[in-house]
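Residue strings, one per chain:
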Amino acid sequence: MVRDFSEAPCFNIRVKKWIFLLRSFFPKWIFFDDVAPELRLEVSFGKNSASAEWVNALTPVRRSLKNLIVNAGGNYLHACNNHLSHFNSDLTTLEEDRLVTELTTFKITKNMASFQIQERGLAQPPFVFRFRLLVTSAEMPEPHIVLTSPEYEAR
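So, here is what we can say about the structure in this document.

Thresholds, definitions, all that
- Residues numbered from 1 in each chain as written.
- Predicted model: local features only at pLDDT ≥ 70, side-chain atom pairs only at ≥ 80, totals over all residues.
- Heavy atoms only, no water.
- Helix = DSSP H or I, 4+ residues; strand = E, 2+ residues; numbered from the N terminus.
- Buried < 20%, exposed > 50% of the residue type's maximum accessible area, 1.4 Å probe, protein only.
- Contact = heavy atoms within 4.5 Å.
- Areas by Shrake-Rupley, 256 points an atom, 1.4 Å probe, with all protein chains shown as cover.
- Expected span 1.5 Å × (residues − 1).

### Here we look at the overall build of the chain
Scanning the chain from N- to C-terminus turns up three helices and five strands. Along the chain, from the amino end to the carboxyl end, the secondary structure elements read α-β-β-α-α-β-β-β. In the chain, buried positions account for 31% of the 155 residues. Of the contacts made within the chain by residues no fewer than 6 positions apart, 58% connect residues no fewer than 24 positions apart. On the chain, roughly 11,300 Å² of surface is accessible, and the fraction owed to carbon and sulfur atoms is 58%.

### So, the environment of proline 126
Residue position: proline 126 is located in the loop between α3 (104–119) and β3 (127–136). As for proline 126 and arginine 155, which are separated by 29 residues in sequence, their C-alpha atoms are 4.8 Å apart. Once residues within four sequence positions are removed from consideration, proline 126 is found in contact with Lys47, Glu153 and Ala154.

### Section: α3
Taking 1.5 Å per residue, 16 residues should reach 22 Å; α3 reaches 22 Å between its end C-alpha atoms and fits that length. Among the residues making up α3, those that are buried are Thr105, Phe106, Thr109, Met112, Ala113, Ser114, Gln116 and Ile117. Of the surrounding elements, those touching the buried residues of α3 are β1 (38–46), α2 (72–92), β3, β4 (144–148) and β5 (152–154). At the C-terminal side of α3, glycine 121 shows a positive phi close to 75 degrees.

Take a look at the structure:
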């Protein structure tokens, strides 16, 4: 006797969780259909991040013939930009009673900002930092600030 588990509630929950986790592996293919706004992550850091200037956290992707074959750094930057797209999507669909800081994508972005500051050699722990998500496009004269985080301490 063959049983069909597709109707079981626990099966549907497990499948939905796996689909949610697997979405990070699939990029947004918006660029094939339309010119989309660019998402940018900026950080402010130092002893007092409130008075520090904002710096782009992610470096531009370098394009060269060598990078067609081996391109770990470029793949990382594409994954970061894909994550920012998912983070922006989560922010637009956020329920009113839920805090932004509870989102998994917010926590990943916070860790990504701290990692980028240290990886690029901009500061060494301990330091205080903030990050913000901006949307820029050719139609907008000024970037639109989607979110600015509170201060966090990196150790």
